[in-house]
Structures are given as C-alpha cells and as structure tokens.
Number of protein chains: 4
Amino acid sequence: MKRDKPKFKQIIDAAVIVIAENGYHQAQVSKIAKQAGVADGTIYLYFKNKEDILISLFQEKMGYFIEKIEEEIEGISSPSEKLFLLIQKHFQMLAAEPHLAIVTQLELRQSNKSLRLKINEILKGYLKVVDRIVQEGIDKGEFRSDLDVRLTRQMIFGTIDEMVTTWVMNEQKYDLVALARPVHQLLTKGCCV
Amino acid sequence: MKRDKPKFKQIIDAAVIVIAENGYHQAQVSKIAKQAGVADGTIYLYFKNKEDILISLFQEKMGYFIEKIEEEIEGISSPSEKLFLLIQKHFQMLAAEPHLAIVTQLELRQSNKSLRLKINEILKGYLKVVDRIVQEGIDKGEFRSDLDVRLTRQMIFGTIDEMVTTWVMNEQKYDLVALARPVHQLLTKGCCV
Amino acid sequence: MKRDKPKFKQIIDAAVIVIAENGYHQAQVSKIAKQAGVADGTIYLYFKNKEDILISLFQEKMGYFIEKIEEEIEGISSPSEKLFLLIQKHFQMLAAEPHLAIVTQLELRQSNKSLRLKINEILKGYLKVVDRIVQEGIDKGEFRSDLDVRLTRQMIFGTIDEMVTTWVMNEQKYDLVALARPVHQLLTKGCCV
Amino acid sequence: MKRDKPKFKQIIDAAVIVIAENGYHQAQVSKIAKQAGVADGTIYLYFKNKEDILISLFQEKMGYFIEKIEEEIEGISSPSEKLFLLIQKHFQMLAAEPHLAIVTQLELRQSNKSLRLKINEILKGYLKVVDRIVQEGIDKGEFRSDLDVRLTRQMIFGTIDEMVTTWVMNEQKYDLVALARPVHQLLTKGCCV
DNA sequence: AATGAATGAGTATTCATTCAT
DNA sequence: AATGAATGAATACTCATTCAT
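Please read these numbers as outputs of a predicted model, since none were measured by experiment.

## Structural notes on the UniProt feature "DNA-binding region" (unreviewed entry) in chain A
The UniProt entry lists residues 28-47 of chain A under the feature "DNA-binding region" (unreviewed entry), expressed in the numbering used here. Overall, residues 28-47 of chain A shows 75% helix and 0% strand. The separation of its end C-alpha atoms is 14 Å.

## Things to note about the relation of the copies chain C and chain D
Of the transformation placing chain C onto chain D, the axial shift is 0.3 Å and the rotation is 179°, giving an RMSD of 0.3 Å. Here the transformation between the copies is reduced to the relation of a two-fold axis. A share of 100% of interface residues in chain C that are also interface residues in chain D marks the association as one of identical surfaces.

## Some details on the interface of chain A and chain B
Residue-level contacts link 42 residues of chain A with 41 residues of chain B. Where chain A abuts chain B, roughly 3800 Å² becomes buried across the two surfaces, and 61% of that area is made up of carbon and sulfur atoms. Of all residues in chain A, the largest losses of buried area upon contact with chain B belong to Arg144, Leu151 and Cys191 of chain A, amounting jointly to 18% of the total for that side. Inspection of the chain A/chain B interface yields 0 salt bridges.

## Re the pattern of salt bridges
Residues and elements named next belong to chain A. Tallied over the entire structure, the rule returns 48 salt bridges over all chains. With a shortest N-O distance of 3.7 Å, glutamate 71 and lysine 68 are connected by a salt bridge. Remark: lysine 68 and glutamate 71 occur in helix H4 (residues 50-73); sequence separation between them is 3 residues, near one turn of the helix. According to the relative accessible area criterion, glutamate 71 is partly exposed, its value standing at 45%. Among the residues examined, lysine 68 registers a relative accessible area of 21% and is labelled partly exposed. For the salt bridge of aspartate 146 with arginine 144, the shortest nitrogen-to-oxygen distance reads 3.2 Å. Through salt bridges that share partners, Lys82, Glu136 and Lys140 make up one connected network.

## What to know about unusual backbone geometry
All names here are of chain D. In the Ramachandran plot, glutamate 171 falls in the positive-phi region, its phi being about 60° despite a non-glycine side chain. Relative to the elements of secondary structure, glutamate 171 occurs in the loop between helix H8 (149-169) and helix H9 (180-189). The backbone of glutamine 172 shows a phi angle near 55°, a positive value even though the residue is not glycine. Residue position: glutamine 172 is located in the loop between H8 and H9.

## Points about the protein's contact with DNA strand F
Taken together, the neighbourhood of DNA strand F is formed by 28 residues, with Lys7, Thr42 and Tyr46 of chain B together with Thr42 and Tyr46 of chain C sitting nearest. Sugar plus phosphate, as a fraction of atoms of DNA strand F within 4 Å of the protein: 74%. Contact between DNA strand F and glycine 41 of chain C: a base nitrogen at 3.2 Å from a main-chain N or O atom of the residue. Contact distances for DNA strand F include 3.0 Å between a phosphate oxygen and a side-chain N or O atom of tyrosine 44 of chain D. The set of elements that each furnish at least two residues to the surface near DNA strand F consists of helix H3 (40-46) of chain A, helix H3 (40-46) of chain B together with helix H3 (40-46) of chain C.

## Some details on the packing of aromatic side chains
Here the structure, examined in full by the defined rule, presents 12 aromatic pairs over all chains. Ring geometry for tyrosine 126 of chain D versus phenylalanine 157 of chain D: centroids 6.0 Å apart, planes at 65°, classification edge-to-face. Residue tyrosine 126 of chain D is found in helix H7 (residues 113-139), and its partner phenylalanine 157 of chain D is found in helix H8; the two are separated by 31 residues along the sequence. Phenylalanine 157 of chain D matches tyrosine 126 of chain D in its accessibility class, with the two residues each being buried. One aromatic cluster is present, formed by Phe65, Tyr126 and Phe157 of chain A through successive ring pairs. Between the NZ or CZ atom of arginine 150 of chain A and the centre of the ring of tyrosine 174 of chain B, over which it lies, the distance is 5.4 Å.

Reading guide: rules and limits
Residues numbered from 1 in each chain as written. Chains lettered and ligands numbered in written order. Predicted model: local features only at pLDDT ≥ 70, side-chain atom pairs only at ≥ 80, totals over all residues. Heavy atoms only, no water. UniProt positions renumbered as here; feature names shortened; annotations may be inferred. Helix = DSSP H or I, 4+ residues; strand = E, 2+ residues; numbered from the N terminus. Least-squares fit on C-alpha atoms with pLDDT ≥ 70 in both. Contact = heavy atoms within 4.5 Å. Buried area = accessible area lost by both parts, 1.4 Å probe. Salt bridge = Lys/Arg side-chain N within 4 Å of Asp/Glu carboxyl O. Buried < 20%, exposed > 50% of the residue type's maximum accessible area, 1.4 Å probe, protein only. Near = heavy atom within 4 Å. Polar contact = N/O pair within 3.5 Å; in protein donor to acceptor, adjacent residues only side chain to side chain. Phe/Tyr/Trp six-rings, centres within 6.5 Å; stacked < 30°, edge-to-face > 60°. Lys NZ or Arg CZ within 6 Å of the ring centre and 35° of its normal.

See below:
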C-alpha cells in the first residue's frame, strides 16, 4: 500500500509547507519534490497527478482530525460538553500546525471546482460527527427539541470555520484556543439574554 | 467618472454571467468582452486589469447590498428584529440573483490571496452593520452584556455565509428565505434549552 | 479565411525548413515560430495545435502538387505519355524543393498513427489521378485489358515513392529527374523481354 | 552469446506483440518487460537500449526472412520464376504473422531517422537477393538487357512493400498471397500491352 | 543473474495585456 | 473611444535508464 510508505507522507508534508509558504498557485510540483527531497518523477510513483496530492493531503489530515476529535469526545456523556471539546480540539490542532491552517483555510479554497467537490466529500465525515452530537443533545434534552439538526450543524461549522479563517487572516496573532469557551457559549446560549 | 458610464456596468454584469456559467478559472477576459459586446481591448479602458473587474464587481454589488440592508433596518427599534431583517434581506437578495450567489459564494473564493484580501476589505462595511446591531443589542439589554462583539459578529456572519453556500452548493433547490426565521432563532437563543 | 493570410503560409514554410533541418522530433513549436518570425502564441491564431500545422502543410503542398500535375497532363491524349509526365513532374517538384522532399519522404512518416491516417486521406487525391490514367489506358487500348487498376496504381505509386525515398536517403546526390524516362519504361514494359 | 539465451528471443517476441497492439509510441520498455515476464532492468542485460531491441527484432526476423526466401528459390533455374517465388514467400510469411506485418510495415516506420538508417542497412541483405535475381534474369536473357539493376530492384521492392502496407492498412482483410501472381505479372510485363 | 524504485530532462499551449490603427 | 491581432511567460508529466540490493 502506497499510503503506508514513508515517501507518501514525506511528499504530503512537503506539499503543506510549500503551499503555505508560496500559495496555492505558486506550489509547483517541482517545488514540492525539492522540499520532499525526491525527484519530480518520484511524486508520480505515489500520486496520480497534482490534484491527487492535494486530495490525499486533505484526506490524511482530515482523517487524523476526525480520529482525534472522536477520541476526545469518547466517554463524555454531556453533548454540550462534547461540543465544547470538539471546538477546543479543532482550535488546538490547527493552532499546533500553523502551515496546515493556512493551507486548509486559505490556499485550498482556491482550488478548482472538481477538487473542491472532492474536499467536500471528505468533509462530510466531520459534519457527521457534529450531526451526531446535535442529535444526541436533542435526545438527552440538553438541546432544544425544536432544533433542525442540519441548520444547527451549519451554524456550528460556519461559526468555527469563520473563527479559524479570521484568525489565520490576522496572521494567527492571538490565542485561538482561548476562544473555545466563549465560542461554545455563543453557540449554545445564542446572543440574546 | 468611469463608473457612471454604461459600459462599466455592462462589463460587470457580463462578468457575473460569464463567471457563474463557466466558473472562475474559465472566465477569460475575452469571454467577458464577448458577453459584454465589446472588444477585448475596450475592457482596459474601464478597468486596470482583470482583478480590477472582480473587485469592482464585488464593490458595486456589496455597496448596493449594504444600502438595501440599511434601508431595511432603518427605523426598527429592536436590535433582535434588526438582526432578523438583515438575515432575511441577505437571503432575499441572493435568492433573487442566482448568478450573483454562485459568483460570491463559490467562484470568487477561488481567487488568489491578494484578491481575497481586497474583498475582505470591502466586506468590512457589511461587518460594521452587524457590529452596530450587536452593540445596540447589548446597550438596549436585548443581548447578553458579556458578549464579545467581534466574536458574536463572526458567529452571525459565519452562520449566514455557511447557510447561503450550502444552499448554492445544493443548486438552490430549497427555499432559502424561509430559513431566515429559524436561523435568527438559532443565533439569538443558541442550541441549548 | 485564415488560409489566405500571409502568416498562414509563412508558418507552414517555416515548419518545412525546421523539420527538414532538425528532424520531426526536434521540430518544437517555438523553433517553428522563431523561424517564421512570429511569437509562439501567434501560431495558435492560425493553427489548432501542432498536428494541425503538419496536416495543413501536407494539404497545402499536396494540393499544389495535384494541381500542377493535372495541368501537366491536361490535353495529352496518350495515357502512357500522361504517366510519364506525372512521374517527371513528381520528380521535378520534389527535386526543386529539397527541404520538402526530406519532410514528406522521411520526417512526416515518423508522425503518430492519427496524423498518418489524415495524411493518407489527403494522398487519396493523388492516387485518384493515377487511377484515372490507368483506367484511361485500359479503355484506349494502350494498357493491357486484364490489368487490376488498384494493383497497377499501387505498383506505380510504390515504385515512384521508393525512387524518391532512396534518392533522399542518398542525400539527393544524383539527378532524380533523369530517372523519369527509365522508370516510366520499367512500369510500362516490365522487366521481361 | 546473449542472442542464444531464451530471454533474448522472449523479449523480442514480447516487443513484437506490444508494438503491434499498442503502437510504436505506446510501446514503453516497461510494457515490453511486463509482456516478457521480466523486470525492467533485465531488459538492459540483453539489450544496450530500447533502440537495440528494435534493431535486434528487425535483424532476427529479417535474417529468418532471407534464409527462408533463399531456401525457396534455391534450385530454381528461371529468374522470373524465382522472382515469383520471392514475392509469394514474402507475402506468405507476413500473412502468417499479422503482428509482425503491422510492426514492420507501420509501426517501425515511425522510428527516428537514426533507427531507420540502421534498418535500411539490415534490409540490404534482402535487396541483394533481388539484385541477384535481376542480374541473373538479364544474363540468362529472360529480362531485358538494358535494365538498370538498381532501378529494377527499387521498382520490385517498392511495389511489394506498397502492396503489403496497403494490405496491412486495410486491416489484412483480403487474401494477400493470392496477389503474388498478378503482382509478378505486373512487374515482369508492365502495364502496357 | 535479476530486480524495480528512483531519477530528471524536455515542451505544447493558454490567456492577460498591449498598441498600432 | 474602440478595436483585435499579436505577444511570450510559465508548468505538469512521461519514460528510458541506472544501480543498490
């Protein structure tokens, strides 16, 4: 399996760095190869084409992301607390990988429609986790019973995403993780008194 | 002033159509010129370069957007009601211009970082309107006094934006405007009981 | 009509020279553009792609070829004499354009199958002229009545083509046109006494 | 001697199949290796480079070809009959190996000039056989005494070659061997009455 | 002898922008 | 003001060959 070979990860990590530092459109295959310490042609022993590097990058990172978040909320009984931990872990992981944050929040969004559709497909795994928390919140009586799960998930995801993007655009100069608590409070209690 | 000449708007409207129908990366200057019924070179009598078309497009549309929203909330005393009207008007205007919705929610996001920074600059006008509503809500006691205005605005904008994007990605096949009330409720009351 | 513009012919003539002097595989578009005195991009205002240059080259030259040969044999009553004039004109025209001879006999044959099929299509016009001469020869009683037109045409074309190719491979160092008469004699009388 | 080892022939046979089925330009070394059931690198233990595979292929097949033809005409006294047998055997052998016919008549002609020059070198053995028949025909009085041996050989070879190529291009769908007699008649008697 | 992972040179084509008319 | 022909920079990918095992 190619995914398990060291060069696979080596090339993906190189892609994250090159894209974060040069921008999506200046991330030529030859630059990624050089950063990974392999020849240009070697890239094509592990990836079908350039787009495949980016999809694999997103898959690998997002897979790890979901895994970690599920570990985090496992065994927690309160859905509201689960939501808080999801937000916190999300912020923590991106704060810990500044390059990756730039790539996912800014650079990968300039990709073409076909790539974005594939990315959306991968994102669905994450959205399902949120859906499950919301549904559980309703079932356990912590969340309002008249909630529309889909809309609620969109609010949660849209809010988290906007927070991270704003933080990245502000050059990550404030403490993102510290926002987890107030963001959780906003989402659960709303802005009204 | 170039902005007042008929060809200025003519080219911008052509750009919206061409981008919506062909996608950002397939929206060549020559296609826009053809759609506008002018020669390629004529574009450059009205716009500095291609990026300038897109920025102007966003400015024109967003300026009109803010104007309409301010008309809508003018004279309303309740900040919460103002927030509702803002959401509703936002949804109404994009639902009324499907091409524009595709361009602002999907296509223009594929632009490079420099263009996106300029777009963010233009967006600030909109965000200020939201900020004012939130601040007024706090002052009038309708919103919680411990709200962070900036974070609250990010939640509101992130949520609205996510709703519209999801609706566009689903090919605008459900009634976006009907979501205004439940979205307002989610934002003001949160998801908790 | 693009074919009538001066740059169309200019680029085709450049292609003949570049291919003859550098070989098919070393005839890059940029080299052809340089030889033609235009920018690389200009090529694509007149030709769909590189293959289109080569097809057009063959069409233009072969069209001229057939035209000249038909002029030559027009008004001649003896089919055998027509055959002689066809051979002579064929040899004369290629002897007069050494570059073109190299291109048609050696270089263009290395093209891929798709291009060769298109070239064969164009060749059919020439083969029809030969067919007509053979048929007329049979009808007028100059040629044997039991001839298979198709086979006879293949002998004639195969022989002429082999003569030219051998001459080109021998660096055109002997007088090709002088062979017209003996070749005609061989084709009409065969090798037997 | 490498030529006697089983893998040498194994690789050449694989090359014939791969080239016939995929075309010259799609016949990568790795495909030939796979068809031969050896590793890519193994090819280079038996052949200097890719060109060497093709030259060896031609040498092997052409050597066998000449051998068979010489066996066929051996002991025949009439040069004209010898010519007939040469044509017939030539047609028979290619009709018996459809893959080889495609390779020699179509695919190998797409090779570059250097390879084609080497192929011509190998062909000389075949041409010498023809030369000998023609000379003998003149000496024995069966052929006209004013024949130019070189030109006559070019007619014979050009005609045979064109017949086979046309047959291959027509997907070998008619009986090539049946043409041996009429072709021989054409070559010996010409087209005139 | 045999393997197969790694190498890296080489090129057609697009499209924003210009400028002579 | 308007035109549109001409420009030219920039980049992903293939595949013959090598060499450590």
